[in-house]
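This is what each chain is made of:
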Amino acid sequence: MHIQDKIQLIPGDLLDQQSLTSAVTQSDPDEIYNLAAQSFVATSWSQPVLTGEFTALGVTRMLEAVRQIKPKAKFYQASSSEMFGKVHETPQSETTPFHPRSPYGVGKVYGHWITINYRESYDMFAVSGILFNHESPRRGLEFVTRKISHNVAKIHLKLQDSFILGNLEAKRDWGFSGDYVEAMWMMLQQDKPDDYVIAMGENHSVKEFVKEAFKVIGVSSWEEHVKTSSEFMRPAEVDFLIGDATKAKEVLGWKPKVDFKTLVKMMVEEDISLLKKNSK
Ligand code: GDD
């Protein structure tokens, strides 16, 4: 059975307090995961105010709905490694200072602190998971990992010959979303609310991701197929992220199962089969 057939959707909008209050009333939840945001970093420069409304103030609206209707429910806020931005120490942990580099990152810092503030002000079980980049075949096409796997799959199927990226030197600590969602759930099963960094503890450049993706289709001359353009460069870049998830490993007992190479392979192979299915 497809996952969509197992869940019931209740409409809500982070810009509309009433819709959130009524969604919490209707669902009467024990656990709430706020994963909603304007989450594409590049768009946050062209829509900074809207990004702030969703990614920052939206968290307060959600917390208010929970506080008013179901204050005993456990609340998870999706904080982000983008809050570390221009990093102050390496690797980044729960105690590393924030220095966000985009309107998105700034909004996430607000969301992070308002979650902690509701925990401290109202004694709510509100936790914040500082997740480093997490990817899967379900990633949107605008994000770099899926953009690469999708285009490499197209090249493999001879549907195109090349594609265009931005900064190939940026480094990210990439993990598998399935592993990271398990960590979110684990955070809400604890006796006490607390904040955790979730990361693999190793990083790779965009270029390495590209190389690895081409390896999956048996191509070593990847440079012949990848161009770069300033169109995909950012006004302020986050150059280097690598997380320290020691606390999550020790306290939650969290252990990721999918490594970097397996993740890249999974994404390219899924895109190849998806394109084949869609061409039938
Ligand atoms: N999207 C994109 N497209 N990024 C590119 C490209 C391109 O063509 N070329 C190079 N990059 C570089 C970006 O400049 C950035 O340094 C890196 O690839 C990753 O970009 P994204 O995949 O867009 O992700 P992100 O790191 O900015 O943010 C993601 O991870 C955060 C941390 O978990 C998003 O999912 C955020 O919502 C999330 O908070």
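For the structure itself, look to the data block above.
Described in the following lines is the structure provided in the data block. In this text the structure is predicted, and so the values were computed from the model without any measurement. Residue positions are given per chain, counting from 1 as you read along its sequence in written order. A pLDDT threshold of at least 70 governs which residues receive local features in this predicted model, and a stricter bar of 80 or more applies before side-chain atom pairs are shown or counted, although totals over entire chains, interfaces and linings include all residues. To obtain the side-chain values, all non-hydrogen atoms of the structure were used and water was disregarded.

As a further point, take the overall build of the protein. By the criteria applied, helices consist of DSSP H or I runs no shorter than four residues and strands consist of E runs no shorter than two, each listed in order from the N terminus. Scanning the protein from N- to C-terminus turns up nine helices and ten strands. Two things to know: the radius of gyration comes from C-alpha atoms, and the globule rule equals 2.2 Å times the number of residues to the power 0.38. Relative to the globule expectation of 19 Å for 280 residues, the C-alpha radius of gyration of the protein, 20 Å, shows essentially globular dimensions. The buried share of the protein, reckoned over its 280 residues, is 48%. Here the contacts in the protein between residues at least 6 apart in sequence split such that 80% fall between residues at least 24 apart. When the accessible area of the protein is evaluated, it comes to approximately 14100 Å², of which 52% is carbon and sulfur surface. Three exposure classes are used, based on accessible area relative to the maximum for each residue type with a 1.4 Å probe and protein chains only: buried under 20%, partly exposed in between, and exposed over 50%. The contact criterion used is simple: two residues touch if any of their non-hydrogen atoms lie within 4.5 Å. Values of accessible area rely on a 1.4 Å probe in the Shrake-Rupley scheme; residue burial ignores everything except the protein chains shown.

This part is about the pairing of strand β2 (residues 74–80). The element β2 is extensively covered by neighbouring structure, given that six of its seven residues are classed as buried. Any two strands are treated as partners once DSSP identifies two or more bridges connecting them. Summarising the sheet, strand β1 (residues 31–34) and β2 pair through four bridges and their orientation is parallel. Across the sheet, residue Glu31 finds its bridge partner in β2, namely Lys74. Where β2 and strand β3 (residues 126–131) come together, six bridges link them in parallel fashion. Each residue of the ladder has a partner; that of Ser80, found in β3, is Leu131. Assessed by its sense of winding, the connection that carries the chain from β2 through helix α4 (residues 103–122) to β3 is right-handed. Look down the strands so they point away from you; if the path from the first strand over the helix to the second goes clockwise, the crossover is right-handed.

Note on aromatic pairs: the rings of Phe, Tyr and Trp (six-membered ring only in Trp) are paired at centre separations within 6.5 Å, and the planes decide the class, stacked below 30 degrees, edge-to-face beyond 60, tilted for the rest. This model, assessed by the stated rule, comprises ten aromatic pairs. Ring centres of Phe163 and Phe214 lie 6.4 Å apart, and the angle between their planes is 15 degrees; this geometry places the pair in the stacked category. Placement of Phe163 in strand β5 (residues 163–165) and of Phe214 in helix α7 (residues 206–216) is noted, with a sequence separation of 51 residues between them. Comparing Phe163 with Phe214, the two get one shared label, buried. Consider the rings of Trp174 and Phe209, whose centres lie 5.2 Å apart with planes at 65 degrees: the pair is edge-to-face. Of this pair, Trp174 sits in the loop between β6 (171–172) and β7 (175–176) while Phe209 sits in helix α7, and the two are 35 residues apart along the sequence. Members of the aromatic cluster, each reached through a chain of ring pairs, are Phe84, Phe98 and Phe132.

Its place among the elements puts Gln77 in strand β2. In this structure, Gln77 is in contact with Asn34, Val59, Lys108, Gly111, Thr115, Val127, Ser128 and Gly129, ignoring residues within four places of it in sequence.

Attention now moves to the site of the ligand. Here a residue counts as near a molecule or strand whenever at least one of its heavy atoms sits within 4 Å of it. Taken together, 24 residues form the shell around the ligand, and within it Ser39, Ser80, Tyr104, Arg234 and Glu237 come nearest. In the model, an oxygen atom of the ligand is placed 2.8 Å from a nitrogen or oxygen of the Asn133 side chain. For the ligand, whose accessible area on its own is 730 Å², the fraction buried by protein is 96%. By the convention adopted, Pro, Cys, Tyr, Trp, Phe, Met, Ile, Leu, Val and Ala count as nonpolar, Lys, Arg, Asp and Glu as charged, and the other residues, Gly among them, as polar. Among the residues making up the shell around the ligand, the classes are represented as eleven nonpolar, six polar and seven charged. Pairing of N or O atoms within 3.5 Å defines a polar contact, subject to two protein rules: one partner must be a possible hydrogen donor and the other a possible acceptor, and residues neighboring in sequence count only if both atoms are side-chain atoms.

Glancing now at the sheet that holds β3. Ordered by their spatial adjacency, four strands build an open sheet running β1-β2-β3-β8, and the pairing between neighbours is parallel. Each end of this open sheet is capped by a strand with a single partner; those strands are β1 and β8 (196–198). Sheet twist, expressed as the mean angle between neighbouring strand axes with direction ignored, is 25 degrees. With axes taken as lines fitted to C-alpha atoms, and helix axes fitted only over the stretch in contact, angles between N-to-C directions fall between 0 and 180 degrees.

So, on to a nonpolar patch on the surface. A contiguous nonpolar patch, built from Ile3, Ile7 and Leu9 and spanning about 330 Å² of accessible area, is present on the exposed surface. Along the chain, Ile3 turns up in the segment before α1 (17–27). A residue is classified by how much of its surface remains accessible, and Ile3, at 47% relative accessible area, is partly exposed. Each patch groups residues whose relative accessible area exceeds 30% and which form no salt bridge, using 9 Å between like charges and 5 Å between nonpolar side chains of Val, Leu, Ile, Met, Phe, Trp and Tyr. We count a salt bridge whenever a side-chain nitrogen from Lys or Arg sits within 4 Å of a carboxyl oxygen from Asp or Glu.

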